[in-house]
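Secondary and tertiary structure notes
This is what each chain is made of:
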Amino acid sequence: KQEVTQIPAALSVPEGENLVLNCSFTDSAIYNLQWFRQDPGKGLTSLLLIQSSQREQTSGRLNASLDKSSGRSTLYIAASQPGDSATYLCAVSSGAGSYQLTFGKGTKLSVIP
Amino acid sequence: DTAVSQTPKYLVTQMGNDKSIKCEQNLGHDTMYWYKQDSKKFLKIMFSYNNKELIINETVPNRFSPKSPDKAHLNLHINSLELGDSAVYFCASSRGNSPLHFGNGTRLTVT
């Protein structure tokens, strides 16, 4: 059974800092890994999707890496801004398509102005 | 312009009642989902549905049933509501292996 763990559970940083969020998964037989952002009272917004054959994806100030063999992914946020404050969730897909997504509990990020 | 919309946003009801949550997507996606986020913020799949196949998470009680009148809609019906059903329910959609697009959630409170 796939399990996804995110560390830390919460993180508070001053504006402008670079930061890294961690995600680990127990079964390396994944199809893809996705990072989402959840704002209070809102649904999830997809940030980056990394296929199992890829090692990283970049979008603006965000960079996600994937090391499938060790069961780890990181989300790097450069030059953090108060608007980045949200909960960040990692999810792995154990089969084709998005049905078999297993989510972590998320990391709650607060960026202090 | 909302891509995935679900109604209502809040739903408060008593134990034993039957209720429905509606979901619509205007993205032309072929697969829709229902997720449940419990009080500990854990997000778990309940159903996945496209015009060919309904996949049900075996842990979901049969009091929960999805109904899809067409490809753009997947409603969630819940019979005989229980206290433990209180949670936030999210609808989502996707096409092929694209990322999921989520609705804003329905907060269900059973009293």
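Given the structure is predicted, the values throughout are model-derived calculations rather than measurements. (Residues numbered from 1 in each chain as written. Chains lettered and ligands numbered in written order. Predicted model: local features only at pLDDT ≥ 70, side-chain atom pairs only at ≥ 80, totals over all residues. Heavy atoms only, no water.)

1. Thoughts on the sheet that holds strand β8 (residues 75–78) of chain B
Across a sheet, paired strands are connected by hydrogen bonds in the backbone, their directions being either parallel or antiparallel. Residues and elements named next belong to chain B. Rule in force here: Two strands form a pair only when DSSP identifies at least two bridges running between them. Working definition: helices are DSSP H or I runs of at least four residues, strands are E runs of at least two. Numbering for both runs from the N terminus. Simply put, an axis is a line fit to the C-alpha atoms, just over the touching stretch for a helix, and the angle between two N-to-C directions goes from 0 to 180 degrees.
Pairing within the open sheet is antiparallel, and its four strands lie in the order β1-β3-β8-β7. The open sheet has two free edges, formed respectively by β1 (4–7) and β7 (64–67), since each of these has just one partner strand. Strand-to-strand twist in this sheet, taken as the mean axis angle between neighbours without regard to direction, amounts to 20 degrees. Relative to β8, β7 is paired through four bridges, and the arrangement is antiparallel. Residue Phe-64 lies in a different strand from β8, and its bridge partner there is Ile-78.

2. So, the nonpolar core
All names here are of chain A. Selection rule: Among buried residues, those of type Ala, Val, Leu, Ile, Met, Phe, Trp, Tyr and Cys that are joined through side-chain atoms within 4.5 Å constitute a nonpolar core. Burial classification: accessible surface area is computed with a 1.4 Å probe over protein chains only, and a residue below 20% of its type maximum counts as buried, one above 50% as exposed, and the rest as partly exposed. Contacts are assigned to residue pairs that have any heavy atoms within 4.5 Å of one another.
Within the largest apolar cluster, 22 residues are counted, with the highest numbers of intra-cluster contacts made by Phe-25, Leu-33, Trp-35, Leu-75, Ile-77, Tyr-88 and Leu-109. Those elements giving two or more residues to this core turn out to be β3 (19–25), β4 (32–38), β5 (44–51), β7 (62–67), β8 (72–77), β9 (86–93) and β11 (107–112). Discounting residues that sit within four places of it in the chain, Leu-33 has contacts with Cys-23, Phe-25, Leu-48, Leu-49, Ile-50, Leu-66, Ser-73, Cys-90, Ala-91 and Val-92.

3. Observations concerning the packing of aromatic side chains
Short version of the rule: Between the rings of Phe, Tyr and Trp (Trp by its six-membered ring), a pair exists once the centres lie within 6.5 Å; its type follows the angle of the planes, with under 30 degrees stacked, over 60 edge-to-face, and the other angles tilted. By definition here, charges over rings are those cases where NZ of Lys or CZ of Arg is within 6 Å of the ring centre and within 35 degrees of the ring normal.
This model, assessed by the stated rule, comprises eight aromatic pairs over all chains. Taking 5.5 Å as the distance between ring centres and 40 degrees as the angle between the ring planes, the aromatic pair formed by A:Phe36 and A:Phe103 counts as tilted. In this pair, A:Phe36 is assigned in strand β4 and A:Phe103 in strand β10 (residues 101–103), connecting sequence segments 67 residues apart. By relative accessible area, A:Phe103 is classed as buried at 2%. When the ring of A:Phe36 is compared with that of B:Phe102, the centres are 5.7 Å apart and the planes differ by 90 degrees; the resulting orientation is edge-to-face. With A:Phe36 in strand β4 and B:Phe102 in strand β10 (residues 101–102), this pair bridges two chains. Of the two residues, A:Phe36 and B:Phe102, both sit in the buried class. In this structure an aromatic cluster arises from ring pairing among A:Phe36, A:Phe103, B:Tyr33, B:Tyr35, B:Phe90 and B:Phe102. Its end group placed over the ring of B:Phe42, B:Lys44 keeps NZ or CZ at 5.9 Å from the ring centre.

4. Considering the sheet that holds β7(A)
Residue and element names in this part refer to chain A. Strand order across the open sheet formed by five strands is β1-β3-β8-β7-β6, with antiparallel pairing between neighbours. The open sheet is flanked by β1 (4–7) and β6 (56–59), the only strands paired with a single partner. For this sheet the average axis-to-axis angle between neighbouring strands, irrespective of direction, equals 15 degrees. As paired elements, β3 and β8 share six bridges and run antiparallel to each other. The residue bridging Leu-19 from the neighbouring strand is Ile-77, located in β8.

5. Examining the state of the cysteines
The criterion, for reference: In this description, a disulfide is simply a cysteine sulfur pair whose atoms lie within 2.5 Å.
With the rule as written, the count across this model stands at two disulfides over all chains. With its sulfur 2.0 Å from that of its partner, A:Cys23 forms a disulfide with A:Cys90. Since a negative S-S torsion denotes a left-handed disulfide, the A:Cys23-A:Cys90 link at about -60 degrees is left-handed. Of this pair, A:Cys23 sits in strand β3 while A:Cys90 sits in strand β9; the two residues are 67 residues apart in sequence, bridging distant segments of the chain. The burial state of A:Cys23 is the same as that of A:Cys90; both residues are buried. The disulfide partner of B:Cys23 is B:Cys91, and the gap between their sulfur atoms is 1.8 Å. Negative torsions about the S-S bond denote left-handed disulfides, and the value of about -75 degrees found for B:Cys23 with B:Cys91 makes this one left-handed. In this pair, B:Cys23 is assigned in strand β3 (residues 19–25) and B:Cys91 in strand β9 (residues 87–94), connecting sequence segments 68 residues apart. The residues B:Cys23 and B:Cys91 share a single accessibility class, namely buried.

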